[in-house]
Amino acid sequence: MKAAGALLTVGILFGGTLGGPWSAWMPQTIVAFEGTCVAIPCRFDYPDELRPSAVHGIWYFNSPYPRNYPPVVYKSRTSIVHESFQGRTRLLGDLQAHNCSLQLSRLSPELAGKYFFRGDLGGYNQYTYSEHSNLEIVNKPTIVPPVAVVVGTEAELRCVVPDNCPTMKPVVSWLNHEALGGQAVFGQLEEESGTWSQVSLLKFQPLRENDRHELGCQVTFPNTTFLFEAFATLDVKYVPRILQVNSSLEITEGSDVALVCVADSNPLALLAWFKEEAVLREEPSTNLTLELDNVTHAHDGIYTCVAENVYGRVNRSLALTVMYAPRKPSVNSSVVVVEGEQVTILCTTESNPEPIITIFKEKQIVATVVYESELLLEIPAVTHEDDGEYWCVAENQYGQRGSAFNLTVEFAPIILMESKCTAARDTVQCVCAVLANPEPVISFELPTRNVTVNETDQEFVYSQKTGYTVTSILTLRGEPDSQLFIVCSARNLYGTKNQQLQFHHSNNLMWAKVGPVGAVVAFAILIAAVCYVSQTRKKKNVNENSSFVQLEHPPVAYSGEYRPPGALDKSESKEICSLESH
């Protein structure tokens, strides 16, 4: 039945006539499995004027010229053929009908080659046609893969099996295809240039996991032991996928870190590390490591690994958090304000995590914030007590930094409580301690005597300064009168302050011991001192109204002796300043 089908096919191919001069047709190439058979379709023609009574033919192997004595494959006149072809050949066609089709059986590798047909019409009418057929003998089918097997698109593999043997029909099946998704197998018969092939189509939906998977096509022939197999490895193309990348990291400033990205792709992907929009490193690879040495807070940010090939692009990001101690706080430059004004001081820093910021003054906490990067200190109405050096200190678990700044407050004089007069047996010492900024001018006034003394009178007044505190000391020798009082006056550009100084005695019983007479003497000494000052200024030609004037009518009579440094004795004093008592 199969042989009849093959002969029918040959008959269909050559049902017409070629006509014309010497000519022939046969497939240029024909393929058959080793051990099976092959039918070479052939059609020939000769000039119309030749009318032979009989037509014979000869098939030669690998040469068309009889003089070269090529192996005879088949000869219609006799059964004499080359030993290699004995019992292996027979003519399928009818030479009288111009059909020269030849069948070869029990094919072996040495039979592969070129086959030529020679027409023999009798006498000299013999002609070897240049057209020939090349027989290929194979031992496995041909698997034809698609141009590309891409994930997400249907793939089709073809297994092509030659089917040119009329008496043997191949059976085709696929091997190792069970793991493929959406698989389906179809069969079809294809003809090309007079040769036939059975084609088995394997369609499926490729997955990443199918890459490098081996598929097989198997060919068998019923009632034989023939078995032919071919294998192909799938080359599945797919979008890259990132298999491994670091998780988000928290590291300490100064550490070293390696960011690793491992990707799977086909074809090989271009891997790149980005920080924000900047490319830090890239190369075609399956893994890419980014080394960061001695990291600083500048390395803090989002890092992204990107993998890209012609089929797509994927990325994976991570956060690199650099933990570091606060930077040196930035504060307002030192400020100068007037008492009562508003003051705003901003202290800022950078750190990770956010710090605790504290402003200190003399180790006392003035203001603080927790887990913030700035601290705003506001003083609605500054006082002189706010003056001084401040420290802004920022601290977290990785360290501490601080910055100092000064707040300078300018204010009117303040006479301190320690300002007083102390009277001893023969000395009166008055202390006036004044707190002020800028530095004040301090003077001592004796209102009842219309006398003013300041530090220019170095014989009586001595001043010293400590910080914003100025201390002036007035020293008079002699025992004071109980009615004497002294006023301390301090002034600067922000105001003037006057305060009567209280008398404190070194011995509460002093006046009792001295008695009335002693008191009169002491007061006389004080008046003598005032006169001495007045006369001294007159000698210096100070003609303006002076704070030091001679008292014409002191309220209390006095007696005694006044001897400041370089003073005269009692008789000489009377000559300089003559006082009357009433």
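Residues numbered from 1 in each chain as written. Predicted model: local features only at pLDDT ≥ 70, side-chain atom pairs only at ≥ 80, totals over all residues. Heavy atoms only, no water.

Taking an unreviewed UniProt entry as the reference, the chain is identified by name as CTP synthase 1-like belonging to Platysternon megacephalum. Its UniProt record gives the chain a comment under Sequence similarities (unreviewed entry), which states: "Belongs to the immunoglobulin superfamily. SIGLEC (sialic acid binding Ig-like lectin) family." For the chain, the Subcellular location (unreviewed entry) comment in UniProt is given as "Membrane". (UniProt positions renumbered as here; feature names shortened; annotations may be inferred.)

K.L.:
What should I look at first to understand the pattern of salt bridges in this one?
P.N.:
Pairing between side chains of opposite charge can happen when the charged atoms of each approach one another. In this structure the tally under the stated criterion is 11 salt bridges. The residue R77 makes a salt bridge to D120 at a minimum N-O spacing of 2.7 Å. Of this pair, R77 sits in the loop between β6 (72–75) and β7 (89–91) while D120 sits in strand β9 (residues 113–120), and the two are 43 residues apart along the sequence. Exposure remark for R77: the relative accessible area of 45% places this residue in the partly exposed category. For D120, a relative accessible area of 6% gives the class buried. Residues E362 and K361 are paired through a salt bridge, measuring 3.9 Å at the closest nitrogen-oxygen approach. (Salt bridge = Lys/Arg side-chain N within 4 Å of Asp/Glu carboxyl O. Helix = DSSP H or I, 4+ residues; strand = E, 2+ residues; numbered from the N terminus. Buried < 20%, exposed > 50% of the residue type's maximum accessible area, 1.4 Å probe, protein only.)

K.L.:
Sorry if this is basic, but what is going on with the layout of surface pockets here?
P.N.:
To find leftover empty space, one rolls a probe the size of a water molecule over the atoms. The calculated volume of the second largest pocket comes to roughly 430 Å³. Every residue lining the second largest pocket is counted, 23 residues in all, and those nearest its centre are T29, V31, E192, T195 and S197. Of all the secondary structure elements, the ones that give two or more residues to the lining of the second largest pocket are β2 (29–33), β10 (126–138), β13 (155–162), β15 (181–192) and β16 (195–205). By residue class, the composition of the lining of the second largest pocket is 10 nonpolar, seven polar and six charged. Here the lining of the second largest pocket spans two domains, since at least three of its residues come from each of domain 1 (23–137) and domain 2 (140–234). (1 Å grid on protein atoms, 1.4 Å probe; cavity = no way out; pocket = protein on both sides within 12 Å on 5 of 7 lines; lining within 4 Å. Points joined across faces, edges and corners; volume = space filled by probe spheres on them. Nonpolar A, V, L, I, M, F, W, Y, C, P; charged D, E, K, R; others polar. Domains from an automatic or database assignment.)

K.L.:
For this particular structure, what's the right way to read the pairing of β13?
P.N.:
Regular strands place side chains that alternate from one sheet face to the opposite one. Where strand β11 (residues 142–144) lies against β13, three bridges are found, and the strand directions are antiparallel. Counterpart to I143 in the pairing with β13 is C159. (Pairing = 2+ DSSP bridges.)

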